[in-house]
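Secondary and tertiary structure notes
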Amino acid sequence: FFSPLVADAEMLGTPDPELAATMGFSGFGKKARTFDLEAMFEQTRRTAVERSRKVLEAREREKEDETEKEFRIPCTDSSVSASRAAGPGSALAGREAVCSESEDDSNEALSGPSMQSQSSAKGPAEDTDDDDDGDDEEEFIGPPLPPGFKDSDDDNDNDDTEEEDNNPVKKIPDSHEITLQHGTKTVSALGLDPSGARLITGGYDYDVKFWDFAGMDASLQAFRSLQPCECHQIKSLQYSSTGDVILVVSGNSQAKVLDRDGFPVMECIKGDQYIVDMTNTKGHTAMLNSGCWHPKIKEEFLTCSNDGTVRTWDVNNEKKHKSVFKPRSVQGKRVIPTTCTYSRDGKFIAAGCQDGSIQIWDRNMSVHTKFHCRQAHASGTDTSCLTFSYDGTVLASRGGDDTLKIWDIRQFKKPLNSADGLPSFFPMTDCCFSPDDKILVTGTSVKKGGGSGKLFFFYRETFQKLYEIEVTDASVVRCLWHPKLNQIMVGTGNGLAKVYYDPVKSQRGAKLCVVKTKRKERQAETLTQDYIITPHALPMFREPRQRSTRKQLEKDRLDPMKSHKPEPPVAGAGRGGRVGTHGVTLSSYIVKNIALDKTDDSNPREAILRHAKEAEENPYWVAPAYAK
């Protein structure tokens, strides 16, 4: 900012005295003064750097003093005695240091480079040292705790977790429930996407309904309902591992894949039912029983059918299956698989069959079974569910012989544990593991009016019955315990889908929709017609402006045209092309008159004797016949 002034002064040289007096230059003397700007800027920069360095040093000293004070708390007496021994000189030095610090603080100014640049100017070695010191300070602030001391909060938390570990019942989230009305018939399929945002339900009424927990309010209405397989009962619904597509297995021979919104993505091909060898057909030839997605490969899924095969498919190739697995009985004959599943790592495929066997194949070798158990359940019953534990070591099976068993597939001859007396009337009764793998859950079936369907919880290690929930007065068919939400979904035989949750232990899911109030329904809105604003219309065409919607609604309700009032029934003979209530034919006239004949036949003897005198006087029917 000095440069224009210097230039002007040099240009003027020795000014005229009058001009100088007028312009105010008289104080400059004979020659203009010159300035060394670079030197001035350099001086300013040095001053700023020096001042910033002092500020930083002062702050570091303050931090050190604070930490020293914190360390000195337990040994205050010794520090006091040490200061007394040091004499007045040290106290004076300390006072001077404090004074100098306060002076530095008062001289603080926001000039020069920022603190960040100063700190970055330090070498990397200094930074690492400071960081290490800081970490040490964070770890060991204050005196060490005495050996017997425990923080009360930590103690309570530990007690709670210990109680939960000792008592697994406390981990079951069943304090609250919501009921989703799917329909009136059995809810035979349930599916939750991996994030837990959407639930799908399918039933014997052929409907698949979509429920969005974040979008629902307390009225708990499904946002979409469709019938993807026309008139076939839904057997199984499952989201893929990424949650972007849904596998729909129904009572026909072709599985379908839908996207998240219910639009079809692919449909499996139907096999040729006249070919004997099922390996040579491109798809299933009989009703499907079950299906599921591969846990790792998002495009692959598995189906099993009454044609005696288990097939794997690729979403991108609907023209032919990937591979075929054919379960066989002891005699080597074809046997029908009623349920199928992948192991948790996707390496094995397991199927439960109608002869009571469980057969497991390596996914890459479809000819011979890797493991099998011939008498897993009673022969001739439908094994309704197979599921692997989360750790992948144990397989649970739900049999149509009213049992629940768990197996170690490496020692497949006899079950690890078994529970019986669990009636199952449905070919898709479920069982599932809890998210921590310690509890096994299944539902029971009841006959109509035979009590309540229950959800049973068994401890995995001992198979002791931990808990039971009375769900409803119908069978419990499907159950699903979602690991992310920590909520239990249940499908029942009377068309309900129930969600059990705990406000503390559960996440999102049902908690999102119960807090939203129901939207007010306004039925009268349907009567109103849209008011069209035409500002430049001629007066004869201009509509009167609506003053109040309520009054307009009342007027529209009275107007038979706007409220679509149905025509009253025709009294008497028909008119206007409509047939009257009794018609105009002879038969209808007679029927009408017979109905209107109101003779009192309350005393039949009197009614008959009423004609006795006339019969004696004028015998016409009976007497002449007996006279001859």
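In this convention, every chain numbers its residues from 1, walking through the sequence in written order. Residue-level local features of this predicted model are given only where pLDDT is at least 70; pairs of side-chain atoms are given and counted only at 80 or more, and the full residue set underlies all totals for whole chains, interfaces and linings. Hydrogen atoms and water are omitted, and side-chain values are computed over all heavy atoms in the structure.

Under an unreviewed UniProt entry, the protein chain has the name WD repeat-containing protein 70 and belongs to Sylvietta virens.

**Digging into the overall build of the protein chain**
In plain terms, the rule: Secondary structure elements follow DSSP: runs of H or I no shorter than four residues count as helices, runs of E no shorter than two count as strands, and numbering proceeds from the N terminus. Accessibility here uses a 1.4 Å probe with only protein chains present; expressed as a share of the type maximum, an area under 20% marks a residue as buried, one over 50% as exposed, and anything in between as partly exposed. Should any heavy atoms of two residues lie within 4.5 Å, those residues are considered in contact.
In terms of regular secondary structure, the protein chain is built from 14 helices and 28 strands. For the protein chain, the proportion of its 628 residues judged to be buried stands at 35%. Relative to all contacts within the protein chain whose residues are 6 or more apart in sequence, the contacts with residues 24 or more apart total 49%.

**Focus on the layout of surface pockets**
Here is the rule: Every definition here rests on a 1 Å grid over the protein atoms only: cavities are sets of points where a 1.4 Å probe fits but cannot get out, pockets are open sets enclosed by protein on both sides within 12 Å along at least five of seven lines, and lining residues have some atom within 4 Å of a point. Grid points are joined across faces, edges and corners, and a volume is the space filled by probe spheres set on the points. Amino acids outside the nonpolar list (Ala, Val, Leu, Ile, Met, Phe, Trp, Tyr, Cys, Pro) and the charged list (Asp, Glu, Lys, Arg) are all regarded as polar, and Gly is one of them.
The calculated volume of the largest pocket comes to roughly 1,200 Å³. For the largest pocket, the lining is made up of 46 residues, of which Gln238, Cys292, Arg344, Thr387 and Leu480 are closest to its centre. The set of elements that each furnish at least two residues to the lining of the largest pocket consists of strand S2 (187-192), strand S6 (234-239), strand S10 (288-293), strand S14 (337-342), strand S18 (385-388), strand S22 (431-433) and strand S26 (476-482). Partitioned by chemical class, the residues of the lining of the largest pocket number 23 nonpolar, 16 polar and 7 charged.

**Considering the nonpolar core**
So the rule is basically this: For the purposes of this section, nonpolar cores are sets of buried Ala, Val, Leu, Ile, Met, Phe, Trp, Tyr and Cys residues that join through side-chain atoms within 4.5 Å.
Residues Ile178, Leu180, Leu190, Leu192, Leu199, Met216 and Met489 are the most contacted members of the largest nonpolar core, which totals 18 residues. For this core, the elements supplying multiple residues, two or more each, are strand S1 (176-181), S2, strand S28 (496-501) and helix H9 (510-514). The contact partners of Ile178, leaving out residues within four places of it in the chain, are Leu220, Ala497, Lys498, Val499, Tyr501, Ala510, Cys513 and Val514. Counting 15 residues, the second largest nonpolar core, distinct from the first, contains Ile172, Cys432, Leu466 and Ile488.

**Description of the sheet that holds strand S11 (residues 300-305)**
Inclusion rule: Being paired, for any two strands, means DSSP has found at least two bridges between them. Angles shown run from 0 to 180 degrees and are taken between the N-to-C directions of axes, each axis being a line fitted to C-alpha atoms and, for helices, limited to the stretch in contact.
Sheet architecture is open: 4 strands sit in the order S10-S11-S12-S13, paired in antiparallel fashion. Each edge of the open sheet is held by one strand with a lone partner, namely S10 and strand S13 (323-325). Here the average twist between neighbouring strands, direction ignored, is 20°. As judged from the 5 bridges shared by S11 and strand S12 (residues 310-314), these two strands associate in the antiparallel manner. Bridged to Leu302 within S12 is Thr312.

**Focus: the sheet that holds strand S21 (residues 417-420)**
Spatially, the 4 strands line up as an open sheet ordered S18-S19-S20-S21, and their pairing is antiparallel. The sheet is open, and its two borders are formed by S18 and S21, each paired with just one other strand. In this sheet, adjacent strand axes meet at a mean angle of 15° when their direction is disregarded. Pairing of strand S20 (residues 403-408) with S21 involves 4 bridges; the strand directions are antiparallel. Bridge assignment links Thr403 to a residue of S21, and that residue is Asp420.

**Here we look at the pattern of salt bridges**
The criterion, for reference: Here, a salt bridge means any side-chain nitrogen of Lys or Arg that lies within 4 Å of a carboxyl oxygen of Asp or Glu.
Summed over the entire model, instances satisfying the criterion amount to 22 salt bridges. A salt bridge links Arg260 to Asp193, with the nearest nitrogen and oxygen atoms 3.2 Å apart. With a gap of 67 residues between them, Arg260 in the loop between strand S8 (256-259) and strand S9 (264-267) and Asp193 in the loop between S2 and strand S3 (198-203) connect regions that are remote in the sequence. The exposure class of Arg260 is partly exposed, given its relative accessible area of 26%.

**Considerations on the packing of aromatic side chains**
Each aromatic ring pair is summarised here by two numbers: the centre-to-centre distance and the angle between the ring planes. This is how it is decided: Aromatic contacts are taken between Phe, Tyr and Trp rings whose centres are within 6.5 Å, Trp giving its six-membered ring; a plane angle under 30 degrees counts as stacked, one over 60 as edge-to-face, and the others as tilted.
In total, this model carries 10 aromatic pairs according to the counting rule given. Pairing Tyr204 with Phe426 gives two aromatic rings, centres 6.3 Å apart and planes at 50°, and the pair type is tilted. Remark: Phe426 occurs in the loop between S21 and S22 and Tyr204 occurs in the loop between S3 and strand S4 (208-212); sequence separation between them is 222 residues. Residues Trp407 and Phe412 carry aromatic rings whose centres are separated by 5.6 Å and whose planes lie at 80° to one another, so their mutual orientation is edge-to-face. For Trp407, a relative accessible area of 1% translates into the label buried.

**Examining the side chain of His321**
Note the cut-off: Each polar contact in these results corresponds to two N or O atoms within 3.5 Å; when the atoms are within protein, one needs to be able to donate a hydrogen and the other to accept it, and residues that are neighboring in sequence are counted only if both atoms are side-chain atoms.
Along the chain, His321 turns up in the loop between S12 and S13. Separated by 3.4 Å, the side chain of His321 and the backbone oxygen of Thr281 make a polar contact. Within the structure, the side chain of His321 is placed 3.1 Å from the backbone oxygen of Lys282, a separation counted as a polar contact. Those residues in contact with His321, other than ones at most four positions away along the chain, are Thr279, Thr281, Lys282, Gly283, Arg311, Thr312 and Trp313.

**Observations concerning unusual backbone geometry**
Even without a glycine there, the phi angle at Asp437 is positive, about 70°. A positive phi is found at Asn486, a non-glycine position, where the angle reads about 55°. If you trace the backbone, Asn486 turns up in the loop between S26 and strand S27 (487-492).

**Looking at a negative patch on the surface**
Threshold: To count toward a patch, a residue needs a relative accessible area above 30% and no salt bridge. Like charges then connect within 9 Å, nonpolar side chains (Val, Leu, Ile, Met, Phe, Trp, Tyr) within 5 Å. Each accessible area is a Shrake-Rupley result for a 1.4 Å probe, and residues are judged covered by the shown protein chains and nothing else. Positive charges come from Lys and Arg alone, negative charges from Asp and Glu alone, with His and the N- and C-terminal ends not counted. Think of each charge as sitting on NZ of Lys, CZ of Arg, CG of Asp or CD of Glu.
On the surface, a cluster of negative charge is made up of Glu62, Glu64, Asp65 and Glu66. For Glu62, the location among the structural elements is in helix H3 (residues 37-72). Take Glu62: its relative accessible area is 32%, and that puts it in the partly exposed class.

**A few points about the pairing of strand S19 (residues 394-398)**
Taken across its 5 residues, S19 has 5 buried, putting it largely inside the fold. Of the two faces of S19, the one lined by Val394, Ala396 and Arg398 and the one lined by Leu395 and Ser397 are each fully buried. Strand direction decides the pairing type here: S18 and S19, joined by 4 bridges, are antiparallel. Paired with Thr387 across the two strands is Ala396, which belongs to S19. Counting the residues that bridge the hairpin from S18 to S19 gives 5 residues, and of these Gly392 lies at a positive phi of roughly 80°.

**Notes on the confidence of the model for the protein chain**
Detailed reading of the predicted coordinates is not advisable wherever pLDDT is low. Keep this limit in mind: As a per-residue measure, pLDDT reflects the predictor's confidence and takes values from 0 up to 100.
Per-residue confidence for the protein chain gives a mean pLDDT of 77; residues scoring 70 or more make up 73%. Overall, residues 74-138 carries pLDDT values under 50, and its contacts beyond four positions in sequence, including any with other chains, amount to 30 contacts.

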